[in-house]
Amino acid sequence: MAEILKDSGNLESTTVGVFRTAATVKGGRRFSFSSLVVVGDREGRVGWGYGKSVEVPSAIEKAQKNAKRAIRNVPMMGRTIHHEVEGRFGASIVRLIPASPGTGVVAGQTVRAVLELAGVQDCLTKCYGSTNKINVVKAVFDGLSKLRLPEEIAKLRGVELGKTEIQERIERAEKLTGAGVGATADNNEENSNGGESA
């Protein structure tokens, strides 16, 4: 569950994983901990950080500081991303696919943490290869860095772009929800009028 960071405006933090390592020394085993944290404001800004320490709380604190330094902007269209994109890091491959309004985030724990804190509410995802949490987070951020606005692409190509498929889906969903609200209101009025006349 996300926690709100102090002295950071409206930033929230989610601990994706805590890892323990052991070094065998003369007197026995010495443990150290590392943590992977994602930080975001749910409005298009998100970052990740990794921290190590001999205690879990200080490892998480270090990771949060690193995450705040690495925050970046994510271009979005409403509640989803503009186009399908694939991010890679090491043996991890993550595919992010825009979805129609109301779909939700269809993702595993690691990818969901990044997308939700970025503010993406409708997205389909698929992981291929290694599911190592650190590599998956890096692959997601690699994918997010490849997102481009339609205006940027139109400027580079020197052509005018029409409506994208995802824009059409969003408009269709808005019309349906608008029609649904209007229809229910009309039905309620008819029922109330029918009741009076009877």
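Shown above is the structure to which this text applies.
Our subject in this report is the structure included herewith.

Now for the sheet that holds strand β2 (residues 12-25). Strand order across the open sheet formed by 5 strands is β1-β2-β3-β4-β5, with antiparallel pairing between neighbours. The two strands at the open ends of the sheet, each matched to only one other strand, are β1 (3-4) and β5 (72-73). In this structure, strand β4 (residues 45-53) lies alongside β5, joined through 2 bridges in antiparallel fashion. Counted as the bridge partner of Val 46 is Arg 72 from β5. Its contacts with the sheet place helix α2 (residues 109-118) against β2, β3 (28-40) and β4, and it is angled at close to 140° to β2. Seen against the sheet, helix α3 (residues 133-145) touches β2, β3, β4 and β5 and runs at an angle of roughly 155° to β4.

A word on α2. Most of α2 sits out of view: 7 of its 10 residues are buried. Listed in full, the buried residues belonging to α2 are Thr 110, Val 111, Ala 113, Val 114, Leu 115, Leu 117 and Ala 118. At the C-terminal side of α2, Gly 119 shows a positive phi close to 105°.

In contact at an axis separation of 9 Å, α2 and α3 are set at 40° when each is read in the N-to-C sense. For the element pair α2 / α3, the angle class is oblique. α3 is crossed by α2, and the crossing has right-handed handedness. Contacts between α2 and α3 involve Gln 109, Thr 110, Val 111, Val 114 and Leu 115 from the first element and Lys 133, Val 136, Val 137, Val 140, Phe 141 and Leu 144 from the second. Of the residues assigned to the contact of α2 with α3, the class counts are 8 nonpolar, 2 polar and 1 charged.

Bringing the layout of surface pockets into the picture now. The gaps of empty space that remain are located by a probe, the size of a water molecule, rolled over the atoms. Within this model, the largest pocket holds a volume of roughly 230 Å³. In terms of lining residues, the largest pocket is bounded by 10 residues, among which Glu 3, Leu 5, Ile 60, Glu 61 and Gln 64 are the most central. When contributions to the lining of the largest pocket are tallied by element, the ones reaching two or more residues are β1 and α1 (56-69). The class makeup of the residues in the lining of the largest pocket is 4 nonpolar, 1 polar and 5 charged.

Further remarks concern the pattern of salt bridges. As enumerated under the stated definition, the model contains 8 salt bridges in all. Taking the shortest distance from any N to any O, the salt bridge between Glu 86 and Arg 95 comes out at 2.8 Å. The partner of Arg 112 in a salt bridge is Glu 116, and the shortest N-O contact between them spans 3.4 Å. Separated by 4 residues within a single helix, Arg 112 and Glu 116 lie in helix α2, roughly one turn from each other. Classification of Glu 116 by relative accessible area gives partly exposed; the value is 31%. One network of salt bridges, with partners in common, ties together Glu 84, Glu 86, Arg 88 and Arg 95.

In this section: the pairing of β3. Two faces, one strand: in a regular strand the side chains alternate between the faces of the sheet. Sheet topology places β2 next to β3; 13 bridges connect them, and they run antiparallel. By the bridge assignment for β3, Ala 23 is matched with Arg 30. Linking β2 to β3, which pair antiparallel, is a turn of 2 residues. Across 8 bridges, the pairing between β3 and β4 is antiparallel. Residue Ser 35 lies in a different strand from β4, and its bridge partner there is Gly 51. Where β3 folds back onto β4 in an antiparallel hairpin, the turn is made up of 4 residues, including Arg 42, whose phi is positive at roughly 60°.

About the cut-offs
Positions within a chain are numbered from 1, following the residues in the order the chain's sequence is written. The predicted nature of this model means local features are confined to residues of pLDDT at least 70 and side-chain atom pairs, given and counted, to a pLDDT of 80 or more, with totals for whole chains, interfaces and linings taken over all residues. The basis for every side-chain value is the complete set of non-hydrogen atoms in the structure, without hydrogens or water. At least two DSSP bridges between two strands are needed for those strands to be called paired. What counts as a helix is a DSSP run of H or I of at least four residues, what counts as a strand is a run of E of at least two, and both are numbered from the N terminus. Here, two residues are considered to be in contact whenever any of their heavy atoms come within 4.5 Å of each other. Only the stretch in contact is used when a helix axis is fitted, and all axes are lines through C-alpha atoms; the angle between N-to-C directions ranges over 0 to 180 degrees. Think of it in three bands: with a 1.4 Å probe and only protein chains considered, a residue is buried below 20% of the maximum accessible area for its type, exposed above 50%, and partly exposed in between. By definition in this entry, angles of less than 35 degrees are roughly parallel, angles greater than 145 are roughly antiparallel, angles of 65 to 115 are roughly perpendicular, and the rest are oblique. In this scheme the crossing of two helices becomes right-handed for a clockwise turn of the near helix relative to the far one and left-handed for an anticlockwise turn of less than a right angle. Residue classes follow a fixed rule: Ala, Val, Leu, Ile, Met, Phe, Trp, Tyr, Cys and Pro count as nonpolar, while Asp, Glu, Lys and Arg count as charged, and any other residue, Gly among them, counts as polar. Grid points spaced at 1 Å over the protein atoms alone were grouped into cavities, where a 1.4 Å probe fits but cannot get out, and pockets, open sets with protein on both sides within 12 Å along at least five of seven lines, with lining residues defined by an atom within 4 Å of a point. Grid points are joined across faces, edges and corners, and a volume is the space filled by probe spheres set on the points. We count a salt bridge whenever a side-chain nitrogen from Lys or Arg sits within 4 Å of a carboxyl oxygen from Asp or Glu.

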